[in-house]
Amino acid sequence: MGVQINCDMGESFGLYRCGDDEGLMPFIHIANVACGFHASDPVVMRKTVALAAQHGVAVGAHPSFPDLQGFGRREMKMGRDELSAALLYQIGALKGFLDVAKLPLNHIKPHGALYGAAARNAEVAEAIADAAESFGVPVLGMAGTHHETVYKARGLAFMAEYYVDLDYDAEGRLIITREHDAKDPAEAAQRAVRVMEEGIATSIDGHEFPMRADCVCVHSDTPNAVDLARAVHTALRPWFG
């Protein structure tokens, strides 16, 4: 399978709208759908699943810490059992909508602060694996972190990802911000191509470091997300499976 473009979406809530999911769908392969703990609600989840089905986009769960007010971008201290139960609850909710739509659960991708915590803390990654192993689908994360070592050790399929709209520090660690800034689409596409061709990414201060990726991610709440996704989709077409 070639490289895939994924997007965190379905992040509206009630009357509040977040991201242009309709505009993004033509340029992605897999959707990471919010499950209600950082964004989304039952109506949004059902609509997002239907929209993905319409565009032939595979759907995975995008569970988070229970932090609706902070959009899941604030780290929380939770025990392994409590965290795994919260994740199982969220993934199960999305799978219910997928079952009704007769679609499979494609993957699981932790959201925001949970994603960052699991990269640094093996116990958090183990909690994610505790929930994920019940579903038998790949888990998305960063190569060379506890995402990869823990998930693989637990027998879970792992997909490494590269972010086109977030920065990395000099150590190659992802910088997860509360709000995302717009990125230049042409530059983002060029950097994504370099990751595919050379396995090299560039930090926020210009430092180069190794990067391995099976998929690239665009966030729906990045201000120019559709333009970014379009540019990256065009640039990476030769690497699609």
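See the structure shown above.
This is a predicted model, so every value here is computed, not measured.

What counts and how
- Residues numbered from 1 in each chain as written.
- Predicted model: local features only at pLDDT ≥ 70, side-chain atom pairs only at ≥ 80, totals over all residues.
- Heavy atoms only, no water.
- Pairing = 2+ DSSP bridges.
- Helix = DSSP H or I, 4+ residues; strand = E, 2+ residues; numbered from the N terminus.
- Axes fitted to C-alpha atoms, helices over the stretch in contact; angles between N-to-C directions.
- Contact = heavy atoms within 4.5 Å.
- Buried < 20%, exposed > 50% of the residue type's maximum accessible area, 1.4 Å probe, protein only.
- Polar contact = N/O pair within 3.5 Å; in protein donor to acceptor, adjacent residues only side chain to side chain.
- Lys, Arg positive; Asp, Glu negative; His and termini not counted.
- Salt bridge = Lys/Arg side-chain N within 4 Å of Asp/Glu carboxyl O.
- Parallel < 35°, antiparallel > 145°, perpendicular 65-115°, else oblique.
- Left-handed = near helix turned anticlockwise from the far one by under 90°.
- Nonpolar A, V, L, I, M, F, W, Y, C, P; charged D, E, K, R; others polar.

Right, let's talk about the sheet that holds strand 8 (residues 215–219) for a bit. Read from one edge to the other, the open sheet built from six strands follows the order 3-2-1-8-5-4, with strand pairing classed as parallel. Two strands bound the open sheet, and with one partner strand each, they are strand 3 (58–62) and strand 4 (139–141). Averaged over all adjacent pairs, the angle separating strand axes in this sheet is 35°, with direction ignored. Both strand 2 (residues 30–34) and strand 3 contribute to a ladder of five bridges, which runs parallel. Looking at the pairing, Val 33 lines up with Ala 61 of strand 3. Contacting strand 2 and strand 3, helix 3 (residues 80–100) runs over the sheet at an angle of about 155° to strand 3. With respect to the sheet, helix 6 (residues 146–153) is in contact with strand 4 and strand 5 (158–163), its orientation differing from that of strand 5 by roughly 165°.

Counting buried residues in helix 4 (residues 112–120) gives eight out of nine residues, a clear majority hidden from the surface. Those residues of helix 4 that are buried lie in contact with helix 3, helix 5 (122–132), strand 4, helix 6 and strand 5.

Residue placement: Asp 221 occurs in the loop between strand 8 and helix 8 (225–236). Within polar-contact distance, the side chain of Asp 221 engages the side chain of Arg 73 at 2.9 Å. When residues no more than four places from it in sequence are discounted, the contact partners of Asp 221 are Glu 11, Cys 18, Phe 71, Arg 73 and His 180.

Its location among the elements puts Asp 165 in the loop between strand 5 and helix 7 (185–198). Summary of buried charges: Asp 165 has no salt-bridge partner, and the nearest side chain of opposite charge, Arg 73, is 7.7 Å away. Among the polar contacts listed, one links the side chain of Asp 165 to the backbone nitrogen of His 219, at a separation of 2.7 Å. Within polar-contact distance, the side chain of Asp 165 engages the side chain of Thr 222 at 2.7 Å.

The contact between helix 2 (residues 42–55) and helix 3 brings their axes to 10 Å, and the two run at 50°. Judged on the interaxial angle alone, helix 3 and helix 2 are oblique. In this structure, the crossing between helix 2 and helix 3 has a hand that is right-handed. Side by side, helix 2 and helix 3 meet where Pro 42, Met 45, Arg 46 and Val 49 of the first sit next to Ala 93, Leu 94, Phe 97 and Leu 98 of the second. Among the residues forming the contact of helix 2 with helix 3, the class breakdown is seven nonpolar, no polar and one charged.

Function-wise, these values are silent; they only describe arrangement.
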